[in-house]
Amino acid sequence: MNSGNLIVIVGPMYSGKTSELISFIEIYSLGKKRYKVFKPILDNRYNDTYIVSHSNTSIKAIPINNSKEILFHIDGDEKAVFIDEIQFLDEYLRETVVELINSGKDVYCAGLDLSYKNNPFKVTSLLMAHADTVIKKKAVCHECGEYKGTISYKIVDNGEEIDVGGFEKYIAVCRDCYSKLKQKKELTEEN
Ligand code: ADP
Ligand code: TMP
Ligand code: MG
Ligand code: ZN
């Protein structure tokens, strides 16, 4: 049996990661292929059992507490496995995903590469290292309007690097605007 492919979709918030994951799911669905979709339980933004994009497309998913639960749901007949919001999962996801691709399944993972503090999420970095294809998405920068948004900026900074939310907490910006916003914030804090 041939091994499957690993596709990892990364980028800042609003860059279309979930939408792209949903488009891939549709391809398997149209082809009448068997697949399973997972999302961490932590991501309860819209619904516990759906993955939902910021443009409101959605698809049913199995909510999981940790990456080990994924294998319990696999019965062997799936052609593909889809996982959204991988930044919320533990690093054991790497072993789980490698096992899945070695057993012939295609695996599609989507998640943040960087936290709002500009720190890589380790689990995403690990999966990117194993990927056949990494799709790096960009968002429209909230400040300058250019299609260069590579990082999420938190507008209500409470210091938490894991903090579920949307437009009320985060914007997507380009690197230059990120530096400017950070500088402005530091100046305000000094005064
Ligand atoms: P992600 O999972 O990466 O957060 P989604 O697929 O959920 O992205 O949402 C992408 C959608 O978000 C876009 O199709 C667009 O309608 C909307 N959107 C809102 N703000 C932005 C932005 N700054 N840049 C690009 N798309 C945005
Ligand atoms: P999204 O990429 O699909 O928009 O979702 C990202 C989720 O991750 C959202 O619930 C907010 C959360 N998040 C964090 O927990 N920490 C961060 O540093 C950032 C940028 C987002
Ligand atoms: Mg998303
Ligand atoms: Zn910008």
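Residues numbered from 1 in each chain as written. Chains lettered and ligands numbered in written order. Predicted model: local features only at pLDDT ≥ 70, side-chain atom pairs only at ≥ 80, totals over all residues. Heavy atoms only, no water.

Student: Outline the site of ligand 2, supporting the account with residue identities and numerical values.
Tutor: The environment of ligand 2 is formed by 18 residues, the closest being Lys-17, His-54, Tyr-116, Glu-161 and Asp-163. Interatomic distance of 2.9 Å between a side-chain N/O atom of Glu-85 and an oxygen atom of ligand 2. Protein contact buries 99% of the 490 Å² of open area that ligand 2 shows by itself. Of the residues in the shell around ligand 2, the class split is 7 nonpolar, 6 polar and 5 charged. (Near = heavy atom within 4 Å. Polar contact = N/O pair within 3.5 Å; in protein donor to acceptor, adjacent residues only side chain to side chain. Areas by Shrake-Rupley, 256 points an atom, 1.4 Å probe, with all protein chains shown as cover. Nonpolar A, V, L, I, M, F, W, Y, C, P; charged D, E, K, R; others polar.)

Student: If you had to explain the environment of Ser-55 to someone new, which residues and values would you point to?
Tutor: With respect to the secondary-structure elements, Ser-55 resides in the loop between β3 (50-52) and β4 (58-60). Sequence separation between Ser-55 and Pro-12 is 43 residues, and the spatial gap between their C-alpha atoms is 15 Å. (Helix = DSSP H or I, 4+ residues; strand = E, 2+ residues; numbered from the N terminus.)

Student: Outline the site of ligand 1, listing residues and values.
Tutor: Surveying the vicinity of ligand 1 reveals 14 residues, the closest of which are Tyr-14, Lys-17, Thr-18, Ser-19 and His-54. One nitrogen or oxygen atom from the main chain of Tyr-14 is found 2.9 Å from an oxygen atom belonging to ligand 1. Side-chain polar atom of Lys-17 to an oxygen atom of ligand 1: 2.8 Å apart, as the coordinates give it. Burial of ligand 1 by the protein amounts to 73% of the accessible area it has alone, namely 580 Å². Within the shell around ligand 1, the residues separate by chemical class into 6 nonpolar, 7 polar and 1 charged.

Student: Describe the pairing of strand β1 (residues 6-10), with residues and values.
Tutor: Sheet faces and side chains relate simply in a regular strand, where the side chains alternate between the two faces. In terms of residue burial, β1 counts as a mostly covered element, since 5 of its 5 residues are buried. In β1, alternate side chains face the same way, and those of Leu-6, Val-8 and Val-10 on one face and Ile-7 and Ile-9 on the other are all buried. One ladder, built from 5 bridges, connects β1 with strand β7 (residues 106-111); its direction is parallel. Paired with Val-10 across the two strands is Gly-111, which belongs to β7. Bridge count for β1 against strand β8 (residues 133-136) is 4 bridges, and the pairing is parallel. Across the sheet, residue Val-10 finds its bridge partner in β8, namely Lys-136. (Buried < 20%, exposed > 50% of the residue type's maximum accessible area, 1.4 Å probe, protein only. Pairing = 2+ DSSP bridges.)

Student: For the environment of Ile-7, give the residues involved together with the corresponding values.
Tutor: Structurally, Ile-7 is set in strand β1. Exposure remark for Ile-7: the relative accessible area of 10% places this residue in the buried category. Ignoring any residue separated from it by four or fewer positions in sequence, one finds Ile-7 in contact with Val-107, Tyr-108, Cys-109, Thr-133 and Ile-135. (Contact = heavy atoms within 4.5 Å.)

Student: Explain the coordination of the zinc ion (ligand 4) residue by residue, including any values.
Tutor: In the first shell of the zinc ion (ligand 4), the protein supplies Cys-141 (SG), Cys-144 (SG), Cys-174 (SG) and Cys-177 (SG), at 2.3 to 2.4 Å from the metal. Counting gaps between the donor residues of the zinc ion (ligand 4) yields the pattern C-x2-C-x29-C-x2-C. Taken together, the positions of Cys-144 in the loop between β8 and β9 (151-154) and Cys-174 in the loop between β10 (170-173) and α5 (175-190) put the pair 30 residues apart, joining distant regions of the chain. On the basis of relative accessibility, which here comes to 3%, the residue Cys-174 falls in the buried class. (Donors = N, O, S within 2.8 Å, 3.2 Å for Na, K, Ca; no water.)

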